[in-house]
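Now for the letters of each chain:
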Amino acid sequence: MSPLLHIAAEEAQNPLVPAIPEVVIGLIAFVIVFGFLAKKILPNINKVLEERREAIEGGIEKAEAAQTEAQSVLEQYKAQLAEARHEAARLRQEAQEQGAALIAEMRAEGQRQREEIIAAGHTQVEADRKAASSALRQDVGKLATDLAGKLVGESLEDHARQSRVIDRFLDQLEEKAEAGR
């Protein structure tokens, strides 16, 4: 065998190089399978991928919207909290002012009542002093009349005379008391 024939025979028997009819049949089968995939399965795959992409983008947009809304709600809560703190401080200040006013009012009322009690006490003491003075005058007058009647030796039962003697005696006592001061 000649070396050329031997190479040609070997080429025909090379397992790496397929025969032409097999290549043609393989190409036709590939085109049919590829066409089937392109017509039926690829649109479904694209549709699923598009839905996933839209879901992911929609989820991101929803998350951003939720975050924006949460931030807005947080700001509202902070504003309400600040307002509530301000209101609490105002109410506390108002309560302190009312308490101070009430204390001042109670002190003034206590002072007024104390002054009324003191004035009533002075009035009562003055009335008691006058009553005691009057009772003492009568008792001293009675004793003085009895004593004078015994000294003089005559009865001083006449009421007008008795009053004049008592008044004169008490006036003399008061003059001596004032002179001694």
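Residues numbered from 1 in each chain as written. Predicted model: local features only at pLDDT ≥ 70, side-chain atom pairs only at ≥ 80, totals over all residues. Heavy atoms only, no water.

Considering the overall build of the chain
Thought 1: Secondary structure assignment for the chain yields three helices and zero strands.
Thought 2: Across the chain, helices and strands are ordered from the amino to the carboxyl terminus as α-α-α.
Thought 3: The buried share among the 181 residues of the chain stands at 6%.
Thought 4: Accessible surface, the chain as shown: approximately 15900 Å² in total, 62% of it carbon and sulfur. (Helix = DSSP H or I, 4+ residues; strand = E, 2+ residues; numbered from the N terminus. Buried < 20%, exposed > 50% of the residue type's maximum accessible area, 1.4 Å probe, protein only. Areas by Shrake-Rupley, 256 points an atom, 1.4 Å probe, with all protein chains shown as cover.)

Some details on the pattern of salt bridges
Thought 1: Counted under the stated rule, the structure contains seven salt bridges.
Thought 2: Two residues, Arg90 and Glu87, come together in a salt bridge whose shortest N-O distance is 2.3 Å. Of this pair, Arg90 and Glu87 are both found in helix 2 (residues 20-152), three residues apart, which corresponds to roughly one turn of the helix.
Thought 3: Salt bridges linked by common partners bring Glu50, Arg53 and Glu57 together as one network. (Salt bridge = Lys/Arg side-chain N within 4 Å of Asp/Glu carboxyl O.)

Description of the packing of aromatic side chains
Thought 1: The tally for this structure, following the rule as stated, stands at one aromatic pair.
Thought 2: Taken together, a centroid distance of 6.0 Å and an interplanar angle of 20° make the contact between Phe30 and Phe34 stacked. Remark: Phe34 and Phe30 occur in helix 2; sequence separation between them is four residues, near one turn of the helix. In terms of burial, Phe30 and Phe34 fall into one category: exposed. (Phe/Tyr/Trp six-rings, centres within 6.5 Å; stacked < 30°, edge-to-face > 60°.)

Considerations on the confidence of the model for the chain
Thought 1: Averaged over every residue, the pLDDT of the chain is 83; the share at 70 or more is 85%.
Thought 2: Per-element confidence in the chain is highest for helix 2, whose mean pLDDT is 88, and lowest for helix 1 (residues 3-12), whose mean pLDDT is 53. (pLDDT = per-residue confidence, 0-100.)

A few points about a nonpolar patch on the surface
Thought 1: On the surface, Val33, Phe36, Leu37, Ile41, Leu42, Ile45 and Leu49 cluster together to form a nonpolar patch covering roughly 610 Å² of accessible area.
Thought 2: Checked against the element boundaries, Ile41 lands in helix 2.
Thought 3: A relative accessible area of 35% places Ile41 in the partly exposed class. (Patch = residues over 30% accessible without salt bridge, like charges linked within 9 Å, V, L, I, M, F, W, Y side chains within 5 Å.)

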